[in-house]
Amino acid sequence: KAPWGTAEHQSMAARLKRCVVRRRDGPEQHGVAASCLRELRDKACGVLAIDKAQEPITLVLAEDGTIVDDEDYFLCLPSNTKFVALAKDEKWSSKSLDSGTSWLSESVDEVDSAAEKWKQLARQLKDDLSNIILMSEEDLQVLIDVPHSDLAEELAQSETKTQVLQDTLQQVLDRREEERQSRQLLELYLEALKTEDSILSKVADPEAAPRKEMDVVDTSTSSTDPSATTALSGQVLAALKEKPAPELCLDSQDLELVLKEDAAALASALGWDKQKAGALREACDQELSKRLKQVQTLHSLRNTSKGKKTLPWGDWPSSKRKK
């Protein structure tokens, strides 16, 4: 075995982020090292002795209660960031005793993740505007619907610049809708071609029709594997099954979860054959790769700018795109 200190071990250590975790009501803090958000959650449950019945936990920043559920946002956080692990049905409180060593169980300043979702999304944009690319359509619509005066106050920007930002969010949403409509038209066209080929084949060889129908029935029944399980939430499965272009509706974290699913388990959960489930995973993979490339491009532009730390707000288009 290679001795410790080699380039391989140094590279592995460099990928780990040092973090500090604690419970909402507990004074003890624990230091852990994790390479991704999921690993941090698993290690936090272990060192904090969180019961399985209280999972899944939610990780929030100890300083302001920001919910950390985006992998890219986690990777951008500095080392030794302090997290509070909230078990199921627990809420973060901004009130504390002894400079943060004791947490109140109830407070009027509790953050309701549903009611204050737009503020959490606004903080992500305030940290890095390129997070727009990684947001789901639902998140984009939430920010668009917020009164621009409230959003301007949260972002510490003028109302004019905030209106420009909301116009940009609308453009991103419109583009995804156009992509969905284009995909629907393509699927309808391919389905029409398939139907036409089927009719022509039946006319040419009427005896082959029953055998072909039997093959279809056999394939559909064999695609369901009751032993296969999936870790995807019901909301994600519903979007995958009902939306015409589900990869455009999901955020990047959900897309990663879909790609990590076993093809057989995914097909079984959706009631599809493996070929259709494989095509869905491929579409999700392409969408996630596209978003990450866009983020990398924006970061590259930022690094080559003249010492600017954030994207200039005034450079965004000032009007909505005409449909």
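For the structure itself, consult the block above.
Since we're looking at a predicted model, the values are computed, not measured.

Asker: Would you explain the overall build of the chain in this entry?
Answerer: What the chain contains, in helices and strands, is 13 helices and 6 strands. For the chain, buried positions account for 37% of its 323 residues. The long-range fraction of contacts in the chain, counting pairs at least 24 apart against all pairs at least 6 apart in sequence, stands at 62%.

Asker: Where do I start with the sheet that holds strand S2 (residues 29-34) in this structure?
Answerer: Think of a sheet as strands paired side by side through backbone hydrogen bonds, with each pair either parallel or antiparallel. As summarised here, the arrangement of the 4 strands in space is S2-S1-S4-S3, forming an open sheet in which the pairing is mixed. If you trace the sheet from one side to the other, it starts and ends with S2 and strand S3 (58-61), each paired once. Each strand axis lies, on average, 40° off the axis of its neighbour in the sheet, ignoring direction. Running over the sheet, helix H2 (residues 37-47) touches strand S1 (17-23), S2, S3 and strand S4 (81-86) and is turned about 145° from S2.

Asker: Can you help me understand the packing of aromatic side chains in this one?
Answerer: Each aromatic ring pair is characterised by the separation of its centres together with the angle its planes make. What the rule picks out here adds up to 1 aromatic pair. Summarising the aromatic geometry, the rings of Phe 74 and Phe 83 are spaced 6.4 Å apart at their centres and angled 45° between planes, so their arrangement reads as tilted. Above the ring of Phe 74, the side-chain terminus of Lys 17 is found at 5.8 Å from the ring centroid. In this arrangement the basic side chain of Lys 276 is found over the ring face of Trp 272, its NZ or CZ atom lying 4.4 Å from the centre.

Asker: Explain the packing of helix H4 (residues 117-127) against helix H6 (residues 148-155) to me, please; I cannot follow it from the model alone.
Answerer: The description of two helices packed together rests on the angle between their axes and the distance between the axes. Across the interface, H4 lies against H6 with an axial gap of 9 Å and an inter-helix angle of 50°. The angle between the axes of H4 and H6 places the two elements in the oblique class. The element H4 and its partner H6 pack so that their crossing is right-handed. Contacts between H4 and H6 involve Trp 118, Lys 119, Ala 122, Arg 123 and Lys 126 on the former and, on the latter, Asp 150, Leu 151, Glu 154 and Leu 155.

Cut-offs used in this document
Residues numbered from 1 in each chain as written. Predicted model: local features only at pLDDT ≥ 70, side-chain atom pairs only at ≥ 80, totals over all residues. Heavy atoms only, no water. Helix = DSSP H or I, 4+ residues; strand = E, 2+ residues; numbered from the N terminus. Buried < 20%, exposed > 50% of the residue type's maximum accessible area, 1.4 Å probe, protein only. Contact = heavy atoms within 4.5 Å. Pairing = 2+ DSSP bridges. Axes fitted to C-alpha atoms, helices over the stretch in contact; angles between N-to-C directions. Phe/Tyr/Trp six-rings, centres within 6.5 Å; stacked < 30°, edge-to-face > 60°. Lys NZ or Arg CZ within 6 Å of the ring centre and 35° of its normal. Parallel < 35°, antiparallel > 145°, perpendicular 65-115°, else oblique. Left-handed = near helix turned anticlockwise from the far one by under 90°.

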